[in-house]
Amino acid sequence: MSSNIKFAGYPDAFVYIEPNEHSKWVNHLLWGEWVQIIEENGDWVRVNVRGAKDGWMQKSHLQEDKLVELYFVDIGQGDGCLAIFPDGKTNEGVPKDRTMLIDAGQNDNMLRFINWKFNTKNVENPPFKFDDVIISHSDADHYGGFQAIFENLRFEFKKVYHNGLVERSIGESLGGHEKIGKLTYQTDVIETPEQLEKIISNPAAIGKRLYPKLMKTAAGRGAKICMMCNEDKFIPDFGENSEIKIRVLAPVVEKLEQYGSKRLLRRFKSNDGKTKNGHSVVLRLEYGNVKILLGGDLNVPSENFLLEHYGKADPKTKDLVKLKELVSEANKYFGADVAKACHHGSGDFSTTFLRAVNAAATIVSSGDDEPHCHPRPNTLGALGKYGRGEFPLIFSTEMARSAKEKIKWPSEIKKEIEYLQNELLKLASEIDSEKKAKKELQLEKKKKDLFLKIGRTVEVYGMINVRTDGKKILIAQKLEQVSDRGLWDIHLLEPVEQEDGTTILVYADNMEKHE
């Protein structure tokens, strides 16, 4: 083998105690997991993998190439996705990554996940660099989690992108708007860092608003902050000539003669919430034959607007022939093998838009303790009805986890906390300094283990993993109990040739094919 860094093969691989597949397995790896080779023994290699002691793997269960990885983190009610892309190799032949954060939920779930994923709490490691951060829009359940991340000196950021609608505390919350004819437009769209600086440098404009405060924090860390919209066409370095493309489909800006070259954003339903949700940054990742759509918090008026813009027809038409043509045209832009459900599976969706997406698998990011009942029952039904193939898949971060996102004193945790409290009280009266120091170390370790147990509930068990090599897709969620088939519930999308000679990805019954 040319390098001591390899990756687990398709669709999964096991790590064994001994170089023998009949020995006990100690870890179950998803396709693409990082593996370090320690030594070789015939058809087997001793390996180091995360989360387990050294073990043995078959050489045939390893591969050279790194995958595109997307982690839809269970951040509770909201959205948060970490994307990792292969980015060549170092001079020593070690694979490199390019990382992107697309939303971060409202609380610290994303922070805890990336701390664990990249081992950033280890001060011996250099600060971790994110190449791109994308804030889809200014709803707290998408951006709130970024505050702690931007404040954390263990992270660095190159670029931060937003949708151009920046909330402020003076005047209209999204800036000025004007009715022109039958339509109303947001006219104070923040396009440049200079325009943003006028807001975040004004304490009155920030006021008690969290969004401009977040932008000020990011700017203070040296990040370049810019608006992202359809005029950009692609995220920089993921353009038309790149192996991995990330197309920017929304927000769609408009131009009017009286405003010259200034970007305007259409106002939806004369409502701030509908407008900022409807102008979410919408991205489509394109890699080989694979397409993945990230749709923010789109709603019916914005989906109809996008269908009209890209489908070149009125989505409200009663003419079935024209509607079919519109769906076919819009599918060229929004069609996806995997889609992140818009707005956490809310009932504010267009069935025509779902037909244009026609996803083989949909991922819903939603959480507990919310008054919306996301995902809505009618939405789940529609996702299945308008999905691709005989068995369209629907995943939910909330449903992938039976424990609540915020642990409210389960009995086991409560007992451990009470034990720590009692031991700390006893320690206060300890006279022997040597015994006291030893006990303090023991209690500190117990405290760290307890915090880890609390944190891992959400970071691991509700997350939906997506891996692809541009030809096929793996989607997995971690089992809450070990089963005969391992640690993971794995589903596969594999290519199938159609009658017209084209190839599409559909669900493969991996329970039979890959057991």
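Rules used throughout
- Numbering of residues starts from 1 in every chain and runs along the sequence as written.
- pLDDT decides what is reported in this predicted model: residues at 70 or higher carry local features, side-chain atom pairs at 80 or more are listed and counted, and totals for whole chains, interfaces and linings draw on all residues regardless.
- With hydrogens and water stripped out, all remaining heavy atoms of the structure feed into the side-chain values.
- To obtain each axis, a line is fitted to C-alpha atoms, and for helices this fit is confined to the stretch in contact; angles are then taken between N-to-C directions over 0 to 180 degrees.
- Numbering of helices and strands runs from the N terminus, with a helix taken as a DSSP run of H or I at least four residues long and a strand as a DSSP run of E at least two residues long.
- To sort the angles, those under 35 degrees are grouped as roughly parallel, those over 145 as roughly antiparallel, those from 65 to 115 as roughly perpendicular, and the leftovers as oblique.
- In this analysis, two residues are considered to be in contact whenever any of their non-hydrogen atoms come within 4.5 Å of each other.
- Classification used: nonpolar for Ala, Val, Leu, Ile, Met, Phe, Trp, Tyr, Cys and Pro, charged for Asp, Glu, Lys and Arg, polar for all others including Gly.
- The predictor reports its confidence for every residue as pLDDT, a score running from 0 up to 100.
- When DSSP finds at least two bridges between two strands, those strands are taken to pair.
- With a 1.4 Å probe rolled over the protein chains alone, any residue whose accessible area is under 20% of its type maximum counts as buried; one over 50% counts as exposed, and the rest are partly exposed.
- Buriedness of a pocket was judged along seven lines, with at least five required to meet protein on both sides within 12 Å; pockets are open sets of points on a 1 Å grid over the protein atoms alone, cavities are sets where a 1.4 Å probe fits but cannot get out, and lining residues have an atom within 4 Å of a point.
- Grid points are joined across faces, edges and corners, and a volume is the space filled by probe spheres set on the points.
- Each reported salt bridge corresponds to a side-chain nitrogen of Lys or Arg within 4 Å of a carboxyl oxygen of Asp or Glu.

(A) Examining the packing of helix H8 (residues 300–311) against helix H9 (residues 320–334) more closely. At their nearest, the axes of H8 and H9 sit 8 Å apart, and the two run at 95 degrees to each other. Of the possible angle classes, the one that applies to H8 and H9 is roughly perpendicular. Where H8 approaches H9, its residues Leu306, Leu307, Tyr310 and Gly311 are matched on the opposing element by Leu326, Glu329, Ala330, Tyr333 and Phe334. Its residues placed into classes, the contact of H8 with H9 shows seven nonpolar, one polar and one charged.

(B) Broad picture of the confidence of the model for the protein. The predicted model of the protein averages 87 in pLDDT, with 88% of residues at 70 or higher. Every residue in residues 510–515 is under pLDDT 50, and counting partners more than four places away or in other chains gives 10 contacts.

(C) Inspection of the pairing of strand E24 (residues 473–483) at higher detail. For strand E23 (residues 464–468) and E24, the ladder comprises five bridges, and the chain directions are antiparallel. Of the residues in E24, the one forming a bridge with Asn465 is Ala476. What sits between the antiparallel neighbours E23 and E24 is a turn of four residues, in which Gly470 has the positive phi angle 90 degrees. One ladder, built from seven bridges, connects E24 with strand E25 (residues 486–497); its direction is antiparallel. Its bridge partner lying in E25, Ala476 is registered against Ile490. In this structure, the hairpin formed by E24 and E25 is closed by a connection of two residues.

(D) Region of interest: the pairing of strand E5 (residues 44–48). In terms of strand pairing, strand E4 (residues 34–41) meets E5 through five bridges, oriented antiparallel. Note that in E5 the partner of Ile37 across the bridge is Val47. Linkage of E4 to E5, two consecutive antiparallel strands, is achieved through a turn of two residues, within which Gly42 is found at a positive phi near 65 degrees. Of the pairings in the sheet, the one linking E5 to strand E6 (residues 55–58) comprises four bridges and is antiparallel in character. Bridge pairing links Val45 to Met57 in E6.

(E) Up close: the sheet that holds strand E20 (residues 338–340). Spatial ordering of the open sheet is given by E16-E18-E19-E20-E21-E22, a layout of six strands whose pairing is mixed. In this open sheet, the two edge strands, each paired with only one partner strand, are strand E16 (244–250) and strand E22 (393–396). On average, each strand axis in the sheet is inclined to that of its neighbour by 15 degrees, with strand direction left out of account. Each of E16, strand E18 (282–287) and strand E19 (290–294) touches H9; the most contacted strand, E18, lies at about 75 degrees to it.

(F) Quick peek at the side chain of Thr184. By secondary structure assignment, the location of Thr184 is in strand E14 (residues 183–186). The class for Thr184 is buried, based on a relative accessible area of 17%. Once you skip the residues sitting within four places of it in the chain, Thr184 turns out to touch His177, Glu178, Lys179, Leu265, Arg266 and Arg267.

(G) A look at empty space enclosed by the protein. For the coordinates displayed, the defined rule picks out three cavities of 30 Å³ or more. Of the pockets and cavities examined, the largest cavity occupies roughly 200 Å³. Taken together, the elements giving at least two residues each to the lining of the largest cavity come down to E20, helix H10 (351–357) and helix H11 (377–385). Lining the second largest cavity are 14 residues, with Asp79, Ile102, Asp103, Leu294 and Lys340 sitting closest to its centre.

(H) Molecular detail of the pattern of salt bridges. Within the structure shown, the criterion is met by 30 salt bridges. Here Arg247 makes a salt bridge to Glu286, at a shortest N to O gap of 2.8 Å. Separated by 39 residues along the polypeptide, Arg247 in strand E16 and Glu286 in strand E18 bring together distant segments of the chain. Here Arg247 and Glu286 have matching classes, each one buried. Linking Glu254 and Arg266 is a salt bridge whose minimum nitrogen-to-oxygen distance equals 2.8 Å. Here Glu254, found in the loop between E16 and strand E17 (265–266), pairs with Arg266, found in strand E17; they are 12 residues apart in sequence, far enough to count as distant. Residue classification places Glu254 among the buried positions, given a relative accessible area of 16%. Each of Arg98, Asp132, Lys159 and Asp237 takes part in one network of salt bridges that share partners.

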